[in-house]
Amino acid sequence: MVATLIAMALTATATIMVFGLALILLEKYHEKRKMKQETHHNEAVWVNTRMEPFRKEQCMCLSCAKMKPGESDHCKHAAQFYKICCEANCALIMTRCREWEKRER
Ligand code: SF4
């Protein structure tokens with residue numbers, strides 16, 4: 001009888017520990033994204049504060065010779081992405097493109 005109660009108590013403790021660990025891991029998973037509300041273009045938007053600093057540094061379009069806003073041969077894909085960003089007040093990072101061309105400076 002005592003052995004059964006001890007076994008049940010150990011099982012309950014183990015179950016609680018597993019759920020507790022799962023909750024901690026879930027919290028850390030969401031914490032990695034660090035979403036924060038900010039105002040951009042006079043509107044409140046959610047920002048992934050971990051990714052935002054990389055956007056200007058890593059977006060392929062910003063180092064591409066075909067990125068020529070205002071010119072007739074400006075990249076049509078970049079223009080489409082820019083249109084989406086303006087309409088949705090969002091920011092995108094280009095991480096893959098078959099037409100990327102190194103900008104010479
Ligand atoms: S070619 Fe690709 S990387 Fe270059 S501006 Fe256009 S979409 Fe961006």
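Residues numbered from 1 in each chain as written. Predicted model: local features only at pLDDT ≥ 70, side-chain atom pairs only at ≥ 80, totals over all residues.

**Points about the overall build of the protein**
- In terms of regular secondary structure, the protein is built from 3 helices and 2 strands.
- The order of α-helices and β-strands along the protein, N terminus first, is α-β-β-α-α.
- By the compact-globule yardstick of 13 Å for 105 residues, the protein is too spread out, its C-alpha radius of gyration being 24 Å.
- By principal-axis analysis of the C-alpha atoms, the protein measures approximately 85 × 35 × 20 Å.
- Pairs at least 24 residues apart make up 50% of the contacts formed inside the protein by residues separated by at least 6 positions. (Helix = DSSP H or I, 4+ residues; strand = E, 2+ residues; numbered from the N terminus. Rg over C-alpha atoms; globule rule 2.2 N^0.38 Å. Contact = placed C-beta atoms within 7 Å.)

**Focus: the site of the ligand**
- As a matter of local geometry, the ligand sits amid Met60, Cys61, Cys64, Lys66, Met67, Cys75, His77, Ala78, Met94, Cys97, Glu99 and Trp100.
- Grouping the constituent residues of the shell around the ligand by class yields 9 nonpolar, 1 polar and 2 charged. (Near = placed C-beta within 6 Å. Nonpolar A, V, L, I, M, F, W, Y, C, P; charged D, E, K, R; others polar.)

**Structural notes on unusual backbone geometry**
- Of note in the backbone geometry, His41 takes a positive phi value of approximately 55° without being a glycine.
- Phi is positive for Asn42, close to 60°, though the residue is something other than glycine.
- In this structure, Asn42 sits in the loop between β1 (35-40) and β2 (43-48).
- The exposure class assigned to Asn42 is exposed, which follows from the 6 C-beta atoms found within 10 Å. (Buried ≥ 20, exposed ≤ 12 C-beta atoms within 10 Å, placed from the backbone.)

**Brief notes about the domain arrangement of the protein**
- The domain boundaries assigned to the protein delineate domain 1 (1-32) and domain 2 (35-105).
- Computed from C-alpha coordinates alone, the two centres of domain 1 and domain 2 are separated by 45 Å. (Domains from an automatic or database assignment.)

**Observations concerning the pairing of β2**
- Of all 6 residues in β2, 0 are buried; the element is thus mostly exposed.
- Both β1 and β2 contribute to a ladder of 6 bridges, which runs antiparallel. Within β2, the position partnered with Met35 by the bridge is Asn48.
- In this antiparallel pair of consecutive strands, β1 and β2, the connection spans 2 residues, and His41 shows a positive phi of 55°. (Pairing = 2+ DSSP bridges.)

**Here we look at helix α3 (residues 76-88)**
- If you check α3, its first and last C-alpha atoms are 18 Å apart, about what 13 residues at 1.5 Å a residue would give, namely 18 Å.
- Counting buried residues along α3, only 1 of its 13 residues qualify, which leaves the element largely exposed.
- Immediately beyond the C-terminal end of α3, within one or two residues, lies Asn89, with a positive phi of roughly 50°. (Expected span 1.5 Å × (residues − 1).)

**Here we look at the environment of Cys86**
- With respect to the helices, strands and loops of the structure, Cys86 is situated in helix α3.
- Its 10 C-beta neighbours within 10 Å are what place Cys86 among the exposed residues.
- Between the C-alpha atoms of Cys86 and Ala44, which are 42 residues apart in sequence, the distance is 14 Å.

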